[in-house]
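One letter stands for each residue in the lines below.
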Amino acid sequence: MLPVNDLRKGDAIILDGETYLVVDAHFHRAQQRKANVKTKLKNMLKGNMIEKTFSSTESVEEADLSYKKAQYLYEEGDSYVFMILDNYEQVHVSADILGDSKYYLLDSCEVDLQYINDEVTAVRFPIHVILEVTYTEPGFKGDTTGTTLKPAKLETGIEVNVPLFINIGDKIKVDTRDDSYVERVNK
């Protein structure tokens, strides 16, 4: 059993005898009320989405998951092709499964493919990826506090908010869990 406080995006649970993929999970505590966890769940067989709120003291049953290390190869139509590193088998993953995570796909990047009953249900990226800034407004010399943010477009097309001292051509570390800037990386 898995405490609902530990639920995170990409986990699979069994609820009312059906397997659900956690699309979103947020811990929420209202004033003078018990804490709860609000989730968005996707039914793995039917494909429909539901929203469910759990008490923070509840537990749910984990689904039987397996992971395989894979390397991204190329995009083909509305799917992405990965190669399983153990046996060099090529697997097509639909754009629906990747969602906005497609912005972290770089040539030859390694990911974990999540399987439920021999079907790819999610793609797990490393927690941090390093991407190059392709466009942002010019920064101000000497501003290294990092308290004020500006939008920056990265090499894969994703936009993140970065401190004012970040310039075009800088490489930055991005957190894949929440699309946030972590730090500038030395070249």
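Predicted model only: the values in this text are computed from it and were never measured. (Residues numbered from 1 in each chain as written. Predicted model: local features only at pLDDT ≥ 70, side-chain atom pairs only at ≥ 80, totals over all residues. Heavy atoms only, no water.)

K.L.:
Looking at this structure, how should I read the sheet that holds strand E8 (residues 79-84)?
P.N.:
Two modes of strand pairing occur in sheets, parallel and antiparallel, and in both the strands are linked by backbone hydrogen bonds. With respect to topology, 5 strands assemble into an open sheet ordered E9-E8-E7-E10-E11, the strand pairing being antiparallel. Only two strands of the sheet have a single partner each, and these edge strands are strand E9 (90-94) and strand E11 (119-124). Shown here is a sheet whose adjacent strand axes are inclined to one another by a mean of 45°, direction ignored. (Pairing = 2+ DSSP bridges. Helix = DSSP H or I, 4+ residues; strand = E, 2+ residues; numbered from the N terminus. Axes fitted to C-alpha atoms, helices over the stretch in contact; angles between N-to-C directions.)

K.L.:
Explain the packing of aromatic side chains to me, please; I cannot follow it from the model alone.
P.N.:
Here a ring pair, both rings aromatic, is described through the centre-centre distance and the interplanar angle of the planes. Inspection of every chain in the model, using the stated rule, returns 3 aromatic pairs. Linked through ring pairs, Tyr72, Tyr80 and Phe82 together constitute an aromatic cluster. Of note, Lys52 hangs over the ring of Phe54, and the distance from its end group to the ring centre comes to 5.4 Å. Looking at Lys68, its charged tip hangs above the ring of Tyr115, at a distance of 4.7 Å from the centre. (Phe/Tyr/Trp six-rings, centres within 6.5 Å; stacked < 30°, edge-to-face > 60°. Lys NZ or Arg CZ within 6 Å of the ring centre and 35° of its normal.)

K.L.:
It is not clear to me how the domain arrangement of the protein should be interpreted in this structure. Could you clarify?
P.N.:
The extent of an interface is frequently quoted as the accessible surface area lost upon association of the parts. As far as domains go, the protein holds domain 1 (2-62), domain 2 (66-124) and domain 3 (128-184). Inter-centroid distance (C-alpha atoms) of domain 1 to domain 2 is 24 Å. Each partner contributes residues to the interface: domain 1 has 8 residues there, and domain 2 has 4 residues. Between domain 1 and domain 2 lies a buried interface of about 520 Å² when both sides are counted; carbon and sulfur atoms form 49% of it. (Domains from an automatic or database assignment. Contact = heavy atoms within 4.5 Å. Buried area = accessible area lost by both parts, 1.4 Å probe.)

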